[in-house]
Amino acid sequence: MKEYKINFINHSCIKVENEKHCVLFDPWFFGKVFNNSWSLMNELGEEFIDFKKLTHIFITHEHPDHLSWPTLKKIRSKTDQKIWVLMGKRENDNVKDAITKMGFSFMYIPEDYRVKISDNFFLTNYNAGHDSGQMLEIDDKKIFNQNDCKFSDQKI
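Let us look at the structure shown here. (Residues numbered from 1 in each chain as written. Predicted model: local features only at pLDDT ≥ 70, side-chain atom pairs only at ≥ 80, totals over all residues. Heavy atoms only, no water.)

Quick word on the environment of Asp65
Tracing the sequence through the fold places Asp65 in the loop between β6 (54-59) and α1 (69-78). Sequence separation between Asp65 and Cys13 is 52 residues; the distance between their C-alpha atoms is 9.3 Å. Sequence-distant contacts of Asp65, defined by excluding residues within four places in its chain, comprise His11, Ser12, Trp28, Val33, Phe34, Trp38 and Asp148. (Helix = DSSP H or I, 4+ residues; strand = E, 2+ residues; numbered from the N terminus. Contact = heavy atoms within 4.5 Å.)

In structure tokens, the structure reads:
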């Protein structure tokens, strides 16, 4: 069994890692969003990431406090290794096109689809309007990343 660590980085960004893999959810490390009305309490993040282990980034939705283009550019500048950016299916491909143009690999994750990240680590995406939540299955534990989304009792 591999040891996994889950760390809150800031705002909606969490990191899940073991000795070989690092997965980020909604990385936003610096800058202001929503017409400069929101900012991070502490601009930090990249100092907590081992970019050699970063294999996946999951974007829950495209609000700028969850999909930070400057942060994605910063991540890309730190490593040229293959990193998958995962996101729930959208109506158009503008986000996918921009992310692949930056040099990331991209995959839409359909509703209720279980993705294998690594041995003993799976991710399932659940859509809720424009947002999404993810069930993380790590070893024998299940952790739900709900972030901004609301689910009906029937859905959860």
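Details of the sheet that holds strand β1 (residues 5-10)
Sheet architecture is open: 6 strands sit in the order β1-β2-β3-β6-β7-β8, paired in mixed fashion. Looking at the sheet topology across the chains shown, the edges are occupied by β1 and β8 (105-109). Adjacent strand axes in the sheet meet at a mean angle of 20 degrees when their direction is disregarded. The sheet contacts of helix α2 (residues 94-101) involve β7 (84-88) and β8, and relative to β8 the element is tilted by about 155 degrees. (Pairing = 2+ DSSP bridges. Axes fitted to C-alpha atoms, helices over the stretch in contact; angles between N-to-C directions.)

Thoughts on unusual backbone geometry
Residues other than glycine seldom take positive phi values, yet His11 does so here, at roughly 45 degrees. Tracing the backbone through its elements, the reader meets His11 in the loop between β1 and β2 (13-17). His11 sits in the partly exposed class, given a relative accessible area of 36%. (Buried < 20%, exposed > 50% of the residue type's maximum accessible area, 1.4 Å probe, protein only.)

Digging into the sheet that holds strand β11 (residues 131-138)
With respect to topology, 4 strands assemble into an open sheet ordered β9-β10-β11-β12, the strand pairing being antiparallel. Both outer strands of the open sheet, β9 (114-118) and β12 (141-145), are each paired with one neighbouring strand and no more. The mean inter-strand angle of the sheet, taken between neighbouring strand axes irrespective of direction, is 25 degrees. Bridge analysis of β11 against β12 gives 5 bridges, and the strand direction is antiparallel. The residue of β12 that forms the bridge with Glu137 is Lys142.

Quick notes on the pattern of salt bridges
The final tally for this structure, using the stated rule, is 8 salt bridges. Across the salt bridge formed by Lys74 and Glu46, the nearest N and O atoms sit 4.0 Å from each other. Taken together, the residues span a long stretch of sequence, with Lys74 in helix α1 and Glu46 in the loop between β5 (38-39) and β6 at a distance of 28 residues. One salt bridge in this structure joins Asp119 and Lys116, with 3.3 Å as the shortest N-O distance. Within the structure, one salt-bridge network assembled from shared partners comprises Lys15, Glu17 and Lys53. (Salt bridge = Lys/Arg side-chain N within 4 Å of Asp/Glu carboxyl O.)

Section: the packing of aromatic side chains
Inspection of every chain in the model, using the stated rule, returns 5 aromatic pairs. When the centroid spacing of 5.0 Å and the interplanar angle of 85 degrees are considered together, the rings of Phe106 and Tyr108 count as edge-to-face. The exposure class assigned to Phe106 is buried, which follows from its relative accessible area of 11%. Taking relative accessible area as the criterion, Tyr108 reaches 17% and is therefore assigned buried. Just above the ring of Phe104 sits the side chain of Arg76; from NZ or CZ to the centre is 4.7 Å. Arg114 extends its terminal NZ or CZ atom over the ring of Phe122, reaching a point 3.7 Å from the ring centre. (Phe/Tyr/Trp six-rings, centres within 6.5 Å; stacked < 30°, edge-to-face > 60°. Lys NZ or Arg CZ within 6 Å of the ring centre and 35° of its normal.)

Considering α1
Those residues of α1 that fall on the buried side of the exposure criterion are Thr71, Leu72, Ile75 and Arg76. An end-on view of α1 places all buried positions within 140 degrees of arc, on one side of the element. Summarising the geometry of α1, the exposed residues directed more than 90 degrees from the buried face are Lys73 and Ser77. Taken together, the buried residues of α1 touch β3 (22-25), β6 and α2. (Arc of directions from axis to C-beta.)

It is worth stressing that arrangement in space is one thing and function is another; only the former is reported here.
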